[in-house]
Amino acid sequence: MKEIIPTVKIINHVGVSSIKDGMKGNDYSLIERENKPKWIRMTAHQVNKNFSEIKNSVADLKLSTVCEEAKCPNLSECWSRGTATFMLMGDTCTRACQFCSVNTGNPKGWLDEDEPKNIADTVFKMGLKYIVLTCVNRDDLADGGAEHFTQTILEIKKLNPNTSVEILTPDFLRKGDAYKKVLEANPDVFNHNIETVPSLYLKVRPGSRYFASLELLKNAKKMNKKVFTKSGIMVGLGETRDEILQVMDD
């Protein structure tokens, strides 16, 4: 059955208006709905104390996780193992990448000033030795959210000096040297995903630029050679083998 996915507008708990799941109903969203193959279906994982603690902390402190916002099918399994990826600066992204289920809108500068401390407290409470921080794209902020990232890293390390911190950042496109603030906080791992090959960027990752992402990774390593840099790419979106190999060479 083919149908156009409808646009659903929502308002979150702080009054930010957005498009649910980032899905804009138009001719380009015409898809054929098919049942998922058996190998990709997830069975419900038995929840335990870890799952309950994470769920309660996230709800009580109004934190956001990629696990929930991106509708990850492994949520129950990871949370039950005491693993979660926190998403900074709310649940509303200023971009609408075609592979992502995060809500799309304009937060108009809104930030939760208590979030850095709340996340540090949650990491301490859970006794985490390794934490991953990511965020929505915040093109509405002058520094793309770099200062907020920095404060969160510093708060975590102050309260949890033995916890390793990995950050998965946006591209900070057109934000100048804002990314340097984040590196000055000395994260253990600097991660920025390329996501796809150059030829698919306008379709898959509108609003972003392939070579801007490459430049960010290069500059991050140049500025802090001690930080471990990494990236990721999706396959199966229509790219060719040669295009993937070229990305690896880049």
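So, a few notes on the structure that sits alongside this text. In this text, all values refer to a predicted model and were calculated from it rather than measured experimentally.

### Re the pairing of strand 6 (residues 85-88)
Working step 1: Pairing geometry for strand 5 (residues 64-65) and strand 6, over two bridges, is antiparallel. Paired with T65 across the bridge in strand 6 is F86.
Working step 2: Looking at chain direction, strand 6 and strand 9 (residues 130-135) are connected through four bridges and run parallel. Across the sheet, M87 pairs through a bridge with T134, a residue of strand 9.

### Remarks on the state of the cysteines
Working step 1: If you walk through the whole model with that rule in mind, you get zero disulfides.
Working step 2: The closest cysteine sulfur to the non-disulfide-bonded C135 is located on C93, 8.2 Å from its own sulfur.
Working step 3: Accessibility expressed as a relative area gives 11% for C135, which makes it buried.

### Some details on unusual backbone geometry
Working step 1: At R174, a residue that is not glycine, the phi angle is positive and equals roughly 60 degrees.
Working step 2: Mapped onto the elements, R174 comes out in the loop between strand 10 (164-168) and helix 6 (179-184).

### Considerations on the nonpolar core
Working step 1: One finds I119, I131, L133, F149 and I167 to be the most contacted residues of the largest nonpolar core, which totals 40 residues.
Working step 2: If we skip the residues at most four places from it in the chain, I119 touches L63, F86, L88, L133, T152 and I156.
Working step 3: Core analysis: the next-biggest nonpolar cluster, separate from the first, contains nine residues, L200, V204, Y210 and L214 among them.

### Here we look at helix 8 (residues 210-223)
Working step 1: Look at helix 8: 20 Å from first C-alpha to last across 14 residues, which is about the 20 Å you get at 1.5 Å a residue.
Working step 2: Within the span of helix 8, buried status applies to Y210, S213, L214, L216, L217, N219 and A220.

The rules behind each value
- Residues numbered from 1 in each chain as written.
- Predicted model: local features only at pLDDT ≥ 70, side-chain atom pairs only at ≥ 80, totals over all residues.
- Heavy atoms only, no water.
- Pairing = 2+ DSSP bridges.
- Helix = DSSP H or I, 4+ residues; strand = E, 2+ residues; numbered from the N terminus.
- Disulfide = S-S within 2.5 Å.
- Buried < 20%, exposed > 50% of the residue type's maximum accessible area, 1.4 Å probe, protein only.
- Core = buried A, V, L, I, M, F, W, Y, C linked by side-chain atoms within 4.5 Å.
- Contact = heavy atoms within 4.5 Å.
- Expected span 1.5 Å × (residues − 1).

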